[in-house]
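Summary of structural features
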Amino acid sequence: MSSLSGDWREAIDDVDAALIDGYQSGFPIEARPFRRVAADLGIEESAAVDRVRTLREAGIVRRFGAVLNPPVIGSSTLAAVRAPADRFDEIATVINEYRQVNHNYARDHEWNMWFVVTAGSREARDEILADIEDRTDCDVLNLPMLTDYYIDLEFPVVNSDRFARESLARRTDSSATRISEEATGGLSALEAELLLEIQEGFPLSATPYRDIAANVGYAVEDVLAAVERLLESGCLKRIGCVINHVVTGFDANCMVVWDVPDESLDEWGERAGGLPYVTLCYNRPRRPEQEWSYNLFTMIHGRDPAAVDAKIDELAADYLPVDHERLYSTETLKQTGARYDELVGR
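Cut-offs used in this document
- Residues numbered from 1 in each chain as written.
- Predicted model: local features only at pLDDT ≥ 70, side-chain atom pairs only at ≥ 80, totals over all residues.
- Heavy atoms only, no water.
- Helix = DSSP H or I, 4+ residues; strand = E, 2+ residues; numbered from the N terminus.
- Buried < 20%, exposed > 50% of the residue type's maximum accessible area, 1.4 Å probe, protein only.
- Pairing = 2+ DSSP bridges.
- Contact = heavy atoms within 4.5 Å.
- Axes fitted to C-alpha atoms, helices over the stretch in contact; angles between N-to-C directions.
- Parallel < 35°, antiparallel > 145°, perpendicular 65-115°, else oblique.
- Nonpolar A, V, L, I, M, F, W, Y, C, P; charged D, E, K, R; others polar.
- Patch = residues over 30% accessible without salt bridge, like charges linked within 9 Å, V, L, I, M, F, W, Y side chains within 5 Å.
- Areas by Shrake-Rupley, 256 points an atom, 1.4 Å probe, with all protein chains shown as cover.
- Salt bridge = Lys/Arg side-chain N within 4 Å of Asp/Glu carboxyl O.
- Lys, Arg positive; Asp, Glu negative; His and termini not counted.
- Charge placed at Lys NZ, Arg CZ, Asp CG, Glu CD.
- Core = buried A, V, L, I, M, F, W, Y, C linked by side-chain atoms within 4.5 Å.

Even without glycine at this site, aspartate 137 takes up a positive phi of about 60°. Locating aspartate 137 in the fold gives a position in the loop between helix H7 (122–136) and strand E5 (140–143). According to the relative accessible area criterion, aspartate 137 is exposed, its value standing at 69%. Residue glutamate 291 is not a glycine yet carries a positive backbone phi of 60°. For glutamate 291, the position within the fold is in the loop between strand E10 (280–283) and strand E11 (296–300).

So, in structure tokens, the structure goes:
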């Protein structure tokens, strides 16, 4: 067993640790992928499959398979409402009913409920937002991503880091990437069917791609080639273990919003996004008519609230010397993979 401390760590050994930190991406795209994973870990193929299944059942791995890239495939937005305290649970229930809502968090702010809506088109996305407004009688703050500077929740967790990537301490590529709200991904029929099939995860077997191929009615060679294309085009971000960061102790997570001068946005966004402890950095629109003046969002994931606050202080002092607000998440209301049920046949 590993010598690492903590309840979740005591439940894993060094082979599990290698799976968790070594296969958040880079899962082989071949007919028997676990055979190569097993060889890398020095175990049997069946044991590799069983270990991933056990980690998923324990909640350490939230999902196993592909991480889809919503802004490339369809249309996604971050939205928020000001839910009255006496109706908070009722409103959360309404919002969480939508399959296209894949994340929903309570945050310590006037806008106290933040959720992500992901759909196959902008029209479908906006219909959901309008329906939420009608059903909850709450004004919805609609903040689609306009520029991506850095977004990656892949980082090692089998460690004692106080915040994400503390032990790595290297800058990341944070080049500005413009995001279209009208993206469709240019998908073939096979690619669309494939995304729908894998959006909730891969089958946990020695032959996951063959199982997927059988389910969508294509040859496994065609599915393997399509997965390669989807990765190359950016429709898929990575394939591997999607870690439950809260279970692994990264529960001091803070979204910080910044009022950056428009003329400095790309320069400052790329500078902040390149910092090793910034896990998310992107530009979203101001909404002055809703008294929302912030245009740059950053996220820091950590285990230690004091350490996270210290890194935000560093950001504010050295990189983003502008007005900002810190929106700590206080409760996870919903967390699933993005849904694209309307992709096929549209």
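Once the structure has been displayed, the description carries forward.
Below, the discussion takes up the sheet that holds strand E12 (residues 324–335). Pairing in this open sheet of 10 strands is antiparallel, and the strands run E5-E2-E4-E3-E12-E9-E11-E10-E6-E7 from one edge to the other. The open sheet has two free edges, formed respectively by E5 and strand E7 (177–178), since each of these has just one partner strand. Sheet topology places strand E3 (residues 101–107) next to E12; five bridges connect them, and they run antiparallel. Looking across to E12, one finds that histidine 103 is bridged to glutamine 335. Here H7 sits on the sheet and contacts strand E2 (75–81), strand E4 (113–119) and E5; the angle it forms with E4, its principal contact strand, is near 145°. Helix H12 (residues 305–319) contacts strand E9 (254–258), E11 and E12 of the sheet and is inclined by roughly 140° relative to E12.

Where helix H3 (residues 33–41) meets helix H4 (residues 45–57), the closest approach of the two axes is 8 Å, and the angle between their N-to-C directions is 95°. Regarding the angle of H3 to H4, the classification is roughly perpendicular. Residues Phe34, Arg35, Val37 and Ala38 of H3 form the contact with H4, whose own contacting residues are Glu45, Ala48, Val49 and Val52. Of the residues in the contact of H3 with H4, the class split is six nonpolar, no polar and two charged.

Okay, a negative patch on the surface next. Taken together, the side chains of Glu123, Glu127, Asp131, Asp134 and Asp137 make up a negatively charged region of the molecular surface. Glutamate 127 gets classed as exposed once you look at its relative accessible area, which sits at 57%.

The biggest cluster of nonpolar side chains holds 48 residues, and the ones touching the most others in it are Ile20, Phe64, Tyr209, Leu236 and Ile239. Mapped by element, the contributors of at least two residues to this core are helix H2 (14–22), H3, H4, strand E1 (61–68), helix H8 (189–198), helix H9 (208–216), helix H10 (220–233) and strand E8 (236–243). Ranked by residue count, the leading element in this core is H10, at six residues. Setting aside anything within four residues of it in sequence, one finds isoleucine 239 in contact with Gln24, Ser25, Gly26, Phe27, Ile29, Gly65, Ala66, Phe202, Tyr209, Val227 and Leu231. Grouped together as the second largest cluster of nonpolar side chains are 23 residues, Phe163, Cys254, Trp268 and Val278 included.

Attention shifts here to the pattern of salt bridges. Overall, the coordinates contain 19 salt bridges when judged by the stated rule. Here arginine 36 makes a salt bridge to glutamate 30, at a shortest N to O gap of 2.4 Å. The partly exposed category is assigned to arginine 36, whose relative accessible area is 46%. The exposure class assigned to glutamate 30 is partly exposed, which follows from its relative accessible area of 25%. Salt-bridge contacts for arginine 32 lead to glutamate 45; the nearest nitrogen and oxygen are separated by 3.0 Å. Highlighted residues: arginine 32 in the loop between H2 and H3 and glutamate 45 in helix H4, separated in sequence by 13 residues. Among the charged side chains, a network of salt bridges with common partners joins Asp13, Asp16 and Arg51.

Here arginine 170 is to be found in the loop between strand E6 (147–151) and E7. Look at arginine 170 and you get exposed, because its relative accessible area is 54%. Along the backbone, arginine 170 and tryptophan 258 are 88 residues apart, and their C-alpha atoms lie at a distance of 23 Å. Those residues in contact with arginine 170, other than ones at most four positions away along the chain, are Gly274 and Pro276.

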